[in-house]
Amino acid sequence: MKNRNSNLKRVIVDFKKLTPEILALLVERYPDGYDDDDVISFKNQHNELVEAVEVITEDTKYLVKVSTKLSVTMENYDEDDYEDFDNNDPEAVQPPDLADEDTEDND
């Protein structure tokens with residue numbers, strides 16, 4: 001029996017290519033964030049180790065590279081922040097200011 005995911009298009013997504021649609025799927029799949037058990041490790045075509053979390057749509061399996069930026073963006077996710085953007089707009093998801101995250105804890 002064939003795995004139902006075997007015919008899916010596979011896409012590796014770096015933070016700078018993250019769209020509101022994929023971010024929403026990630027937050028839905030990992031509402032409390034992802035942990036080490038959710039991370040998939042593999043070698044890319046350049047033989048570099050890549051760590052990613054998986055989210056699947058009807059026709060595509062996305063492997064989103066894990067990073068501090070991704071974790072912080074998922075934690076601070078608010079659907080309303082993206083209502084003025086197209087769901088597939090990679091310009092919509094901006095990197096968080098990680099320095100601000102550190103100073104908020106000290107207030």
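Residues numbered from 1 in each chain as written. Predicted model: local features only at pLDDT ≥ 70, side-chain atom pairs only at ≥ 80, totals over all residues. Heavy atoms only, no water.

A. Structural view of the packing of aromatic side chains. Scanning the model with the defined rule gives two aromatic pairs in all. An angle of 80° between the planes, with centres 6.5 Å apart, marks the rings of Y30 and Y34 as edge-to-face. Y34 shares its class with Y30; the two are buried. Centroid distance Y77 to Y82: 6.0 Å. Interplanar angle 15°. Geometry classified as stacked. The class for Y82 is buried, based on a relative accessible area of 13%. (Phe/Tyr/Trp six-rings, centres within 6.5 Å; stacked < 30°, edge-to-face > 60°. Buried < 20%, exposed > 50% of the residue type's maximum accessible area, 1.4 Å probe, protein only.)

B. Expanded view of the environment of L23. The topology assignment puts L23 in helix 1 (residues 20-29). In this structure L23 comes out as buried when scored by relative accessible area, which is 0%. Separated by 32 residues in sequence, L23 and V55 have C-alpha atoms that sit 9.6 Å apart. The contact partners of L23, leaving out residues within four places of it in the chain, are L18, T73, M74, Y77, Y82 and V93. (Helix = DSSP H or I, 4+ residues; strand = E, 2+ residues; numbered from the N terminus. Contact = heavy atoms within 4.5 Å.)

C. Up close: the side chain of T60. When you line up the elements, T60 lands in strand 4 (residues 60-65). A residue is classified by how much of its surface remains accessible, and T60, at 2% relative accessible area, is buried. For T60, the side chain forms a polar contact with the side chain of D59, separated by 3.1 Å. (Polar contact = N/O pair within 3.5 Å; in protein donor to acceptor, adjacent residues only side chain to side chain.)

D. The arrangement of the nonpolar core in detail. By size, the foremost hydrophobic cluster in this structure holds 18 residues, and its most contacted members are L18, I22, L26, V64, L70 and M74. Where this core is concerned, the elements lending two or more residues are helix 1, strand 3 (49-56), strand 4 and helix 2 (68-75). Per element, the largest residue contribution to this core is four residues, and it comes from helix 1. Not counting chain neighbours up to four residues away, the residues in contact with L26 comprise L18, V53, V55, V64, L70 and M74. (Core = buried A, V, L, I, M, F, W, Y, C linked by side-chain atoms within 4.5 Å.)

E. Structural view of the pattern of salt bridges. This structure, assessed with the given rule, holds three salt bridges. Of the charged contacts in the structure, one is a salt bridge between D14 and K65, with a shortest N-O distance of 3.9 Å. Of this pair, D14 sits in the loop between strand 1 (9-13) and helix 1 while K65 sits in strand 4, placing them 51 residues apart in sequence. Since its relative accessible area comes to 26%, D14 is described here as partly exposed. We classify K65 as partly exposed; its relative accessible area is 28%. Between K61 and E54 there is a salt bridge; the shortest N-O distance is 3.5 Å. (Salt bridge = Lys/Arg side-chain N within 4 Å of Asp/Glu carboxyl O.)

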